[in-house]
Amino acid sequence: MFVLLGALLGAITGGTLAKKRGGKRADILQYGAVYAMIFAILGLFITLIIHRMAL
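This one's a predicted model, so the numbers in the text were calculated from it and none came from an experiment.

Visitor: Help me get a handle on the overall build of the chain, residues and values and all.
Guide: The number of helices and strands found in the chain is two helices and zero strands. The globule rule puts the C-alpha radius of gyration for 55 residues at 10 Å, and the 13 Å found for the chain is more than 25% above it. The principal-axis extent of the C-alpha atoms belonging to the chain is close to 45 × 15 × 15 Å. Per-residue burial over the chain gives 16% buried out of 55 residues. At a minimum sequence separation of 6, the contacts of the chain that also span at least 24 residues come to 58%. Accessible area of the chain: about 4500 Å², with a carbon and sulfur share of 75%.

Visitor: Run through helix H1 (residues 2-20), naming residues and quoting values.
Guide: Here H1 contains 19 residues, and its C-alpha end-to-end distance of 26 Å stays within 8% of the 27 Å for a straight helix at 1.5 Å per residue. Those residues of H1 that sit buried are Gly 6, Gly 10, Gly 14, Gly 15 and Ala 18. What you see down the axis of H1 is that its buried residues fit within an arc of 155°, all on one side. The exposed residues of H1 that point more than 90 degrees off its buried face are Leu 4, Leu 5, Leu 8, Lys 19 and Lys 20. Buried residues along H1 sit in contact with helix H2 (25-54). Immediately downstream of H1, the backbone of Gly 22 shows phi near 85°, a positive value.

Reading the values: rules and limits
Counting restarts for each chain: residues are numbered from 1 in the order of the written sequence. Local features in a predicted model are, by the rule used here, given only for residues with pLDDT of at least 70; side-chain atom pairs are given and counted only at 80 or more, and totals for whole chains, interfaces and linings are based on all residues. The side-chain figures draw on all heavy atoms in the structure; neither hydrogens nor water molecules are used. Working definition: helices are DSSP H or I runs of at least four residues, strands are E runs of at least two. Numbering for both runs from the N terminus. Radius of gyration here is computed from C-alpha atoms only, and the compact-globule reference equals 2.2 Å multiplied by the residue count raised to the power 0.38. Accessible area is worked out with a 1.4 Å probe on protein chains only. A residue is then buried under 20% of its type maximum, exposed over 50%, and partly exposed in between. Here, residues are in contact when the closest pair of their heavy atoms is within 4.5 Å. Residue burial considers only the protein chains on display, and all accessible areas are found by Shrake-Rupley using a 1.4 Å probe. By this rule the span expected of a helix is its residue count minus one, scaled by 1.5 Å. Throughout, the arc means that of the directions going from the helix axis to the C-beta atoms.

Printed below as a string of structure tokens:
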């Protein structure tokens, strides 16, 4: 669940940041994709930590 939430939040954050910096459509898509991957990986680590603490 945290992975999907992180990916969505990252895509929105990256797209907003690129648009704020004056990027074109390709820049916005690239920033959105990269930030989505980074936030998804962070969400994965959060999920793993929570799962390990529950055991």
